[in-house]
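# Structural overview
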Amino acid sequence: MKVIKSIVEIRNKVNTLKSNGETIGLIPTMGALHEGHLSLVKKSTEINNITICSIYVNPAQFNKKEDFNNYPITIEQDIEFLTNANCDILFIPKSEEIYSSKPVLSFAFGSLESRMEGMHRTGHFNGVGLIVSKLLNIIQPQTAFFGQKDFQQVAIVKQLVKDLSFATKIHSCPTLREESGLAMSSRNKRLSNSEKTEAAKIYDSLLLAKKLINNTIPFDKIMSQIKQFYANSLLELEYFEIVDSNSLEPVRDMNRDNIVICVAAFLGNVRLIDNVVL
Ligand code: PAF
């Protein structure tokens, strides 16, 4: 696997590959890779000749400095994982180049970001919009792969690609889970084994809500059961939302299609998110 750190070099490499007729798949990541990321790499290698993974912990999308500073960095292991997963190129841009000057442009995603991550992490999707636009512009891949665990992020990236007419198809890939049901996440690296067992209750809460929705239990009753569930755990609930899977608008009628249940909860100072699509 070739490691490239400069924008000019990756642009030249991609131009050469494309002029040879190669198709490019991009997996944008912030590193601390796990099997979930590697499933995106695998998907890309199945449908593209060349797979590029980027690793960049994007400061612009963190609303808390502490969260940015604590973000796990495991670059040696990431390189080993990517090499074994047949990734062709790893792009590790430098902050001096990516943000050579403070961006003036900002992104607003309207109702798509008015709840959940957008509401609780002010400026988060502006930062995601910036970095994803930069990466899509620099690499111009035919396809880019994102994990469904970040459900709202996928909706926002799809909107971004539509609004800015990027010639990249966005693939959203299923969330991979530990045996316990805990969604795989780079942030799990900050949890002890017993904390991981506790964190798996997040998925249990989603399954509970799913069961209640399937039994058309009214919204208020579902929410009071969910609150009770979290009160009996060590998790601190930030939000638990039942929304339309396209518009991300709240859903109150449980007797309908296109529902996604999204949750964010803290275990200590580790913030975890998950969702289940019905
Ligand atoms: O999902 C992530 O890891 C990040 O938000 C992304 C898409 C790589 C942008 O920094």
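Remember, it's a predicted structure, so these values are computed and weren't measured experimentally. (Residues numbered from 1 in each chain as written. Predicted model: local features only at pLDDT ≥ 70, side-chain atom pairs only at ≥ 80, totals over all residues. Heavy atoms only, no water.)

## Here we look at the site of the ligand
Close contacts around the ligand come from Pro28, Thr29, Met30, Gln61, Ile131, Phe146, Asp150 and Gln153, and that covers them all. Interatomic distance of 2.6 Å between a side-chain N/O atom of Gln61 and an oxygen atom of the ligand. Calculation on the ligand without its partners gives an accessible area of 290 Å², and the protein chains cover 89% of this total. The residue makeup of the shell around the ligand, split by class, is four nonpolar, three polar and one charged. (Near = heavy atom within 4 Å. Polar contact = N/O pair within 3.5 Å; in protein donor to acceptor, adjacent residues only side chain to side chain. Areas by Shrake-Rupley, 256 points an atom, 1.4 Å probe, with all protein chains shown as cover. Nonpolar A, V, L, I, M, F, W, Y, C, P; charged D, E, K, R; others polar.)

## Some remarks on the sheet that holds strand β9 (residues 270-277)
Strand order in the open sheet formed by three strands is β7-β8-β9, with antiparallel pairing between adjacent strands. Strand pairing shows two members of the sheet lacking a second neighbour, β7 (236-244) and β9, which therefore form its edges. Neighbour-to-neighbour, the strand axes of this sheet turn through a mean angle of 15 degrees, independent of strand direction. The pairing of strand β8 (residues 259-267) with β9 spans eight bridges and is classified as antiparallel. Residue Cys262 lies in a different strand from β9, and its bridge partner there is Asn275. (Pairing = 2+ DSSP bridges. Helix = DSSP H or I, 4+ residues; strand = E, 2+ residues; numbered from the N terminus. Axes fitted to C-alpha atoms, helices over the stretch in contact; angles between N-to-C directions.)

## Structural notes on the pairing of β9
Taken across its eight residues, β9 has seven buried, putting it largely inside the fold. Hairpin connection, β8 to β9: the antiparallel pair is bridged by two residues, and Gly268 has positive phi, about 65 degrees. (Buried < 20%, exposed > 50% of the residue type's maximum accessible area, 1.4 Å probe, protein only.)

## A word on unusual backbone geometry
One non-glycine residue, Gln140, lies in the positive phi region at around 45 degrees. Turning to its location among the elements, Gln140 is positioned in the loop between α7 (124-139) and β5 (143-147). In this model, Ser165 sits at a positive phi of 50 degrees, which is unusual for a non-glycine residue. Counting through the fold element by element, Ser165 comes out in the loop between α8 (151-163) and β6 (169-173). The class of Ser165 is exposed, set by a relative accessible area of 61%.

## A closer look at the nonpolar core
The biggest cluster of nonpolar side chains holds 45 residues, and the ones touching the most others in it are Ile10, Ile52, Phe91, Val132 and Ile139. Counting residues per element, this core draws most heavily on α7, at nine residues. Those residues in contact with Val132 that sit more than four places away from it in its chain are Phe146, Val157 and Leu160. Formed by 28 residues, the second largest nonpolar core is a distinct cluster that contains Ala199, Leu212, Phe219 and Met254. (Core = buried A, V, L, I, M, F, W, Y, C linked by side-chain atoms within 4.5 Å. Contact = heavy atoms within 4.5 Å.)

## Structural notes on the packing of helix α10 (residues 201-214) against helix α11 (residues 219-231)
The N-to-C vectors of α10 and α11 enclose an angle of 160 degrees; their axes lie 10 Å apart at closest approach. Considering their axes alone, α10 and α11 lie roughly antiparallel with respect to each other. The crossing of α10 and α11 is right-handed. Facing Lys201, Ile202, Asp204, Ser205, Leu208, Ala209, Leu212 and Ile213 of α10, the residues of α11 in contact are Ile222, Gln225, Ile226, Phe229 and Tyr230. (Parallel < 35°, antiparallel > 145°, perpendicular 65-115°, else oblique. Left-handed = near helix turned anticlockwise from the far one by under 90°.)

## Focus: the side chain of Ser233
Counting through the fold element by element, Ser233 comes out in the loop between α11 and β7. Of the polar contacts made by the side chain of Ser233, one reaches the backbone oxygen of Tyr230; its length is 2.9 Å. A polar contact of 3.0 Å, which involves the side chain of Ser233, links it to the backbone nitrogen of Leu235. Among all residues touching Ser233, those that are not within four sequence positions of it are Glu198 and Lys201.

## What to know about helix α2 (residues 35-47)
In a regular helix each residue adds 1.5 Å, so 13 residues correspond to 18 Å; α2 covers 19 Å between its end C-alpha atoms and thus fits that length. For α2, the complete set of buried residues consists of Gly36, His37, Leu38, Leu40, Val41 and Ser44. As for α2, its buried residues are in contact with β2 (24-29), β3 (50-55), α4 (75-84), β5 and β6. (Expected span 1.5 Å × (residues − 1).)

## Concerning the sheet that holds strand β4 (residues 89-91)
The strand order across the open sheet built from six strands is β1-β4-β3-β2-β5-β6, with neighbouring strands paired in parallel fashion. Either end of the sheet is taken by a strand with one partner, and the two such strands are β1 (2-4) and β6. Across the sheet, the axes of successive neighbouring strands diverge by a mean angle of 25 degrees, strand direction being ignored. Looking at chain direction, β1 and β4 are connected through three bridges and run parallel. Directly across from Lys2, in β4, lies its bridge partner Ile89. In this fold α2 packs onto β2, β3, β5 and β6, with an angle of close to 155 degrees to the strand it touches most, β5.

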